[in-house]
Amino acid sequence: MRTAPLDGVRVLEAATLFAGPLAATFLGDFGADVTKIEHPSRPDAARTHGASKDGVGLWFKTLGRNKRLATLDLSRGRDVFLSLVKSHDVLVENFRPGTLERWGLGPEVVLEANPRLVIARVTAFGQVGPWSRRPGFGSLAEAMSGFAAVTGEPDGPPTLPPFGLADGITALATAYAVLVALRERDRSGAGQVIDMAIIEPILMMLGGGITAYQQTGYVQPRLGNRSSNNAPRNVYKTADGRWVAVSTSSQSIAERVVTLVGRADLVAQPWFATGRERAEHADELDDAVGSWIASRGLDEVMAEFEKAEAAVGPVHDIRGIMSDPQYAALGTIVSVDDDELGGPVQMQNVLFRLSESPGSIRWAGGPHGANTDEVLADIGVTPDQLAALRAAGVV
């Protein structure tokens, strides 16, 4: 077995909730040695988000996986933190701008302690600008980026997602930025600061809206499940009360779908030649596809679309995901033994499969401060010093 791709990379995570911690999770999944620092008396609030069992937060089992978990009050444990920084390659932090500086732990100080350190600073609005010191979360990024404005039904309000979409996109961007900065360090020998604002990565994912507005004044409206770029594109209810999603982003797929549902005549229409023109006739196309699907059960719909080589997918809730054969074939869901829950816990696998050096989930997220003693012992803190720090509430 080859070592994991990020074996030897040491990551110090001083972040809470989702964007920063999830970025560190992604790095840990591929071998980075991640140590998560939490406040001694105020654990990461992510531990209490979502469902729980016997008082144990279940979301944190995924978010905290592959991490050693230690406690430290950074405002009073400055010297301990700087000692930790010296032995790490990456620091991921998401304090509001100015907070670390107020504690004497700003980038200049930290980089003086370890000039090779990559510091990923993840905040709602970035390190500069009139909003930089405001509190903020992913929901505000989903609003400010334009995502909410284009999501929802045409006659309904702007709609926020029921999960941390902006945080998740930012986590991916942060992990990518860390790897880029580490690659540059390989060349220059010097670390640097990453300024990651949660309001930016999701804006990039929204496509060409900025250019379209600048060039033509176009403002994308809310279209529900439809698209302004292709049709038919919607969710449709089957005869047995299930839902399927149909997409026709390519011309050939659009032709196969309408032929399958008995409307091959539409292919000859002049407006059928481009996705944007088809979108202008979405009512007619939705009626054709929707009525065909409504008269058939899910299994028949899926089988007929497969035979026609047309694109369709079931609308799953979590029960459908857990039983889906494609996810099973990919190994998307894995079981991890967990002492805290007294048995195996299932969660999403690593994000992608590498043929020669795959990632892995070595353990699930554990209790608050579970590894404090060993983490501090690694930097030379003696048992007596540790006892004193604990008595003072620093750890």
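Refer to the structure printed above.
Now for a description of the structure that goes with this document. (Residues numbered from 1 in each chain as written. Predicted model: local features only at pLDDT ≥ 70, side-chain atom pairs only at ≥ 80, totals over all residues. Heavy atoms only, no water.)

### So, the pattern of salt bridges
So, step 1. For the coordinates displayed, the defined rule picks out 26 salt bridges.
So, step 2. One salt bridge connects R65 with D29, and the closest N-O pair in it is separated by 2.6 Å. Here R65, found in the loop between α2 (59-63) and β5 (67-71), pairs with D29, found in helix α1 (residues 19-29); they are 36 residues apart in sequence, far enough to count as distant.
So, step 3. Overall, R65 belongs to the buried group, its relative accessible area being 4%.
So, step 4. When the shortest N-O distance is used, the salt bridge between E38 and R47 registers 2.8 Å. Accessibility assignment for this pair places E38 and R47 in one class, buried. (Salt bridge = Lys/Arg side-chain N within 4 Å of Asp/Glu carboxyl O. Helix = DSSP H or I, 4+ residues; strand = E, 2+ residues; numbered from the N terminus. Buried < 20%, exposed > 50% of the residue type's maximum accessible area, 1.4 Å probe, protein only.)

### Section: the sheet that holds strand β8 (residues 192-197)
So, step 1. Here we have six strands laid out as an open sheet, ordered β5-β2-β1-β6-β7-β8, and parallel in their pairing. With one partner strand each, in any of the chains shown, β5 and β8 form the two edges of the open sheet. For this sheet, the mean inter-axis angle between neighbouring strands, taken without regard to orientation, is 20°.
So, step 2. Pairing analysis gives six bridges linking strand β7 (residues 118-123) to β8, with the strands arranged parallel. From the neighbouring strand, V118 faces β8, where its bridge partner is Q192.
So, step 3. With respect to the sheet, α1 is in contact with β1 (10-14), β2 (33-38), β5, β6 (90-93) and β7, its orientation differing from that of β1 by roughly 160°. (Pairing = 2+ DSSP bridges. Axes fitted to C-alpha atoms, helices over the stretch in contact; angles between N-to-C directions. Contact = heavy atoms within 4.5 Å.)

### Focus on α1
Because the α-helix completes a turn every 3.6 residues, residues three or four places apart line up on one side.
So, step 1. Among the 11 residues in α1, 10 count as buried, and that is most of the element.
So, step 2. Considered for burial, the residues of α1 that qualify are A19, G20, P21, A23, A24, T25, F26, L27, G28 and D29.
So, step 3. G31 sits one or two residues past α1 and shows a positive phi near 105°.

### Thoughts on the nonpolar core
So, step 1. If you look at the biggest cluster of nonpolar residues, it comprises 39 residues, and the most contacted ones within it are V11, V90 and I194.
So, step 2. Going through the elements one at a time, α1, β6, β7, α7 (165-188), β8, β12 (333-338) and β13 (343-348) are the ones with two or more residues in this core.
So, step 3. In terms of residue count, the dominant contributor to this core is α7 (10 residues).
So, step 4. Core analysis: the second largest hydrophobic core is formed by 24 residues, L82, L84, V110 and L376 among them. (Core = buried A, V, L, I, M, F, W, Y, C linked by side-chain atoms within 4.5 Å.)

### Here we look at the pairing of strand β10 (residues 243-246)
So, step 1. Burial along β10 is one-sided: V244 and V246 are buried, while W243 and A245, pointing the other way, are not.
So, step 2. Linking strand β9 (residues 234-237) to β10, which pair antiparallel, is a turn of five residues; within it G241 sits at a positive phi near 80°.
So, step 3. Pairing analysis gives three bridges linking β10 to strand β11 (residues 312-314), with the strands arranged antiparallel. Looking across to β11, one finds that A245 is bridged to G313.

### Overview of the packing of α1 against α7
So, step 1. The interhelical angle for the contact between α1 and α7, taken along N-to-C directions, is 50°, at an axis separation of 8 Å. In this view, α1 runs oblique relative to α7, as classed from their interaxial angle. As for the relative orientation of α1 and α7, their crossing is right-handed in sense. Here A19, L22, A23, F26 and L27 of α1 come into contact with α7, specifically with D167, G168, T170, A171, L172, T174, A175, V178 and L179. (Parallel < 35°, antiparallel > 145°, perpendicular 65-115°, else oblique. Left-handed = near helix turned anticlockwise from the far one by under 90°.)

### Remarks on the layout of surface pockets
So, step 1. Of the pockets and cavities examined, the largest pocket occupies roughly 1200 Å³.
So, step 2. If you trace the largest pocket, you find 32 residues lining it, with W59, T62, R65, M347 and Q348 closest to the centre.
So, step 3. Looking at the lining of the largest pocket, the elements with two or more residues in it are α1, α2, α7, α14 (318-323) and β13.
So, step 4. Considering only residue class, the lining of the largest pocket consists of 18 nonpolar, nine polar and five charged. (1 Å grid on protein atoms, 1.4 Å probe; cavity = no way out; pocket = protein on both sides within 12 Å on 5 of 7 lines; lining within 4 Å. Points joined across faces, edges and corners; volume = space filled by probe spheres on them. Nonpolar A, V, L, I, M, F, W, Y, C, P; charged D, E, K, R; others polar.)

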